[in-house]
Structure formats: structure tokens, C-alpha cells
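Descriptive structure summary
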Number of protein chains: 2
Amino acid sequence: MNIIDESGILAISTRLQRLSEQLRKDGALVYKSYGIDFEPKWFPVIYTLYHKDTLSVVEIANEIGYTHPSTISLLKELEKQKLIRSKKDKIDERKRLIQLTPKGQEMIEEMKPVWEVMKNALTEITNNQNNLLKAIEEAENKILHQSFLQRALQLKSEGEE
Amino acid sequence: MNIIDESGILAISTRLQRLSEQLRKDGALVYKSYGIDFEPKWFPVIYTLYHKDTLSVVEIANEIGYTHPSTISLLKELEKQKLIRSKKDKIDERKRLIQLTPKGQEMIEEMKPVWEVMKNALTEITNNQNNLLKAIEEAENKILHQSFLQRALQLKSEGEE
DNA sequence: CAAAACTACGTAGTTAAATACATAAATAAA
DNA sequence: TTTATTTATGTATTTAACTACGTAGTTTTG
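Presented here is an overview of the structure given in this document. (Residues numbered from 1 in each chain as written. Chains lettered and ligands numbered in written order. Predicted model: local features only at pLDDT ≥ 70, side-chain atom pairs only at ≥ 80, totals over all residues. Heavy atoms only, no water.)

**Some points on the overall build of chain A**
- When its secondary structure is counted, chain A shows eight helices and three strands.
- Across chain A, every contact between residues at least 6 apart in sequence was considered, and the portion connecting residues at least 24 apart equals 46%.
- As displayed, chain A has an accessible area near 8400 Å², and 50% of this comes from carbon and sulfur atoms.
- Put simply, chain A has 24 plus and 25 minus side-chain charges, and the middle of one group is 6 Å from the middle of the other. (Helix = DSSP H or I, 4+ residues; strand = E, 2+ residues; numbered from the N terminus. Contact = heavy atoms within 4.5 Å. Areas by Shrake-Rupley, 256 points an atom, 1.4 Å probe, with all protein chains shown as cover. Lys, Arg positive; Asp, Glu negative; His and termini not counted. Charge placed at Lys NZ, Arg CZ, Asp CG, Glu CD.)

Written out as C-alpha cells, the structure reads:
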């Protein structure tokens, strides 16, 4: 084992990122193997629109947990692919309402069996003695209650007493 | 809960990344709160050199699991901070051997109590019913044995029978 | 109801990683 | 011992996220 993996919890951020990147990369290849022209990074937007039908830019950003500029650049790509379209909100002229196109909806139908396969493969990988998805949820909840920074500062001040 | 978190395992890559980013960002603030001028992204390199003393660029890259160009850019920053130095290998003239400077070693001593606090805070966050670090290790092992792509392709071909 | 504050969206620039490509030194093979 | 292959390093470019900032509507307040 290398030093970083041995360092344990201190390098957890690096390892989360590495694992995420591996899965994303393979995900792209899975879509390709089905002959589907779809990038994994589009998934959060598409999946959200599939369930919520019509949303503004900021609403999508909040749903997927990205900033709005990041969301805008994803939306631009998806619009280029003609998977989504947008129109101005009649009531609030600042808002741009986003929807799937028929082509987008068709592609979702095509992707459903792929998602099923991915779900099974990911379950194989992540469902061990410690379930990765649940572990993430539990950690997210802990942070929600008190952030890493807050906890560290508290431990620091306790140590200084 | 938002749609993405509800989608479960399919969005696991996004969620790993998000969690990693949160921890990295707070990590930076923890160093700052101790008045230490250190970026979390430098940790893997510094920690590796602390344990291995002298390594070449590619050896460091392998240890920390980054590509060598990424590693080179980290090394450039660390050299600018005067935390590391490098000299040509006498035997193999292609190699650049990297070491901590005395300043780098001093900084490590300064950081040790910070790492201790971080370790405790991270343990609080990640040690739940499902231990996040162990969950990552288990998932990494699964992938090592058979990648996400390989598993997906196999499940696909089984479905086509 | 005019001014102030807030919200939605967009652009520009930054960051931290990657890939692709190039070169030079070392090693292996013909 | 040339030639071919591999290895080590470096540079340029790309990618996918971010922050900072600006503008134009909307809402709240004095």
C-alpha cells in the first residue's frame, strides 16, 4: 500500500475525489458501449428535469447542488444537444424556464436500461460491510449538523484549555 | 430531500465529489485558523516526502495517485514556498530527486497538532454505522478486482442472453 | 411611490485536475 | 554498436468545477 492510503482519514478528500473520477470515467464508457451519446456530468440536470418537468436555472442549480454558473454551462451543452429547451417566464421576466425536449425524453427512455445496469454494477461495488452510499449520507448529515471546520475549531479550543 | 440525493446510487460520483470538495475547503480554513500557510492539496506530496525522504517526480506521482503533470505543478508551488528542493540524480540523469527543505520539515512539525485535530474531527464525521473510510477501501478493492465498466458490460451481456 | 435591497441570470477569469504531445536519457535488442 | 523501445520529465491544452462581478427585473421599506 502507498503512503497516502496509509495516512488514513487525513487523505480522505483525495480518495473521495479519486473514486468519483474513476466512476465518472467508466460511466462515460458504459453509455458509449450502448451507443448513447451522453456524458455522465449531464445526469444530474437531466434526471432532475425528468422528475420536475419545468424549472428555472437557479432551481436546477439548487437541486443538483452546483453553483448557477456551472449549471448554466451544463445547460448550454444540453441545449446544443437539443435535449432541453428554455423559455422566458411570463410572470417573472428574469427567469428562464427549462424543460426536456421530446428528443430529451426519448433519450431518457433509451437510457433507462443503462441506468438499471449501472445501478446494479454500482451496488455490487458499494454495498459491502460498510455501505458507501449510506456512509456518505451519514457523513453528509453530520456535516449538516456541524461542519468539519466547526468541529476542528471546537477540538482546537478544547485542546487549548 | 432533492431529486439527486433521491436518485441514490446513480449520482454517487457527484456526491463523492461534493463531499470531497467540502472537506478540502474546510481543511484550508483549519490551517488558516492556526496561522499556517498551507493548502490541503499539498498534503499528499508533503506527507509522502515526510515518510520517504527522497523520491523522483514519477515516484511521487505514483504514491499520491496523480498524473505526473499534476504532480509537477504541485512541486512547482511547493518549490516556490521553499518547502521542497530538488537535485539531479547522479546515476540517472533524467531523474529529479525531491526532498523536503528544513523549512518544510519545520512546517510539518507545526502541522502535526493540526493534523491530530483534523483526524479527530474527520473521525467524528466519517465513523458512523457505515464507516466512510472503510467503505471507500472496500469499494476500491472491488474495483481493483473488476472495474465498474467491466461489471456493467458483464451485466449488460447477461441481460442480452 | 421612490429608494434600497434582493433575486435571477449571465460573463469573465481562476483553479486543480486531466490528456496529448515532445524530448532526452537509459535500456534492450538486432 | 547502432537502432528501437522504454522511462522520466516537461509543456501546452482541455475540462469541469469554482468565485467575483455586473445587470436587469422584483420585492420591500421609509
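**A look at the relation of the copies chain A and chain B**
- When chain A is fitted to chain B, the residual RMSD is 0.0 Å, and the transformation amounts to a turn of 180° plus an axial shift of 0.0 Å. When the rotation and shift are considered jointly, the pair of chain copies conforms to a two-fold rotation axis. Of every C-alpha in chain A, the one belonging to asparagine 130 of chain A sits nearest the axis of rotation, 2.3 Å from it.
- Take the interface residues of chain A: 100% of them recur as interface residues in chain B, which is what a same-surface contact looks like. (Least-squares fit on C-alpha atoms with pLDDT ≥ 70 in both.)

**Some points on the pattern of salt bridges**
- If you walk through the whole model with that rule in mind, you get 20 salt bridges over all chains.
- In this structure, glutamate 21 of chain B and arginine 24 of chain B form a salt bridge, with 3.2 Å as the shortest nitrogen-oxygen distance. Within this pair, glutamate 21 of chain B and its partner arginine 24 of chain B are both found in helix 2 (residues 12-33), separated by three residues, close to a single helical turn.
- The exposure class assigned to glutamate 21 of chain B is partly exposed, which follows from its relative accessible area of 33%.
- The class for arginine 24 of chain B is partly exposed, based on a relative accessible area of 29%.
- Connected through shared salt-bridge partners, Arg15 of chain A together with Glu137 and Glu140 of chain B make up one network. (Salt bridge = Lys/Arg side-chain N within 4 Å of Asp/Glu carboxyl O. Buried < 20%, exposed > 50% of the residue type's maximum accessible area, 1.4 Å probe, protein only.)

**Focus on the nonpolar core**
- One finds Phe38, Ile46 and Leu132 of chain A together with Phe38, Ile46 and Leu132 of chain B to be the most contacted residues of the largest nonpolar core, which totals 100 residues.
- Once residues lying within four places of it in the same chain are set aside, the contact partners of leucine 132 of chain B are Ile12, Leu16, Leu132, Ala135, Ile136 and Ala139 of chain A together with Leu19 and Thr126 of chain B. (Core = buried A, V, L, I, M, F, W, Y, C linked by side-chain atoms within 4.5 Å.)

**A short note on the side chain of threonine 48 of chain A**
- Here threonine 48 of chain A shows up in helix 3 (residues 43-52).
- Beyond its immediate stretch of four places on either side in the chain, threonine 48 of chain A contacts Asp53, Leu55, Glu63 and Ile64 of chain A together with Ile3 and Ile4 of chain B.

**Considering the protein's contact with DNA strand C**
- The environment of DNA strand C is formed by 22 residues, the closest being Val58, His68 and Arg94 of chain A together with Lys41 and Ser70 of chain B.
- The share of sugar and phosphate among atoms of DNA strand C within 4 Å of the protein is 69%.
- At 2.7 Å from a base nitrogen of DNA strand C is found a side-chain nitrogen or oxygen belonging to histidine 68 of chain A.
- Where the surface near DNA strand C is concerned, the elements lending two or more residues are helix 2 (12-33), helix 4 (57-64) and helix 5 (68-80) of chain A together with helix 5 (68-80) of chain B.
- Among the elements that line the surface near DNA strand C, the one with the most residues is helix 5 of chain A, at four residues.
- When grouped by side-chain class, the residues that make up the surface near DNA strand C number eight nonpolar, five polar and nine charged. (Near = heavy atom within 4 Å. Polar contact = N/O pair within 3.5 Å; in protein donor to acceptor, adjacent residues only side chain to side chain. Nonpolar A, V, L, I, M, F, W, Y, C, P; charged D, E, K, R; others polar.)

**Topic: the sheet that holds strand 1 (residues 55-56) of chain A**
Residues and elements named next belong to chain A.
- Across the sheet, three strands lie side by side as 1-3-2; this open sheet has antiparallel pairing. Because the sheet does not close on itself, it has two edges, and the strands there are strand 1 and strand 2 (84-88).
- Seen against the sheet, helix 5 touches strand 2 and strand 3 (96-100) and runs at an angle of roughly 115° to strand 2. (Pairing = 2+ DSSP bridges. Axes fitted to C-alpha atoms, helices over the stretch in contact; angles between N-to-C directions.)

From the geometry alone we can't say anything about function, so treat these as descriptive.
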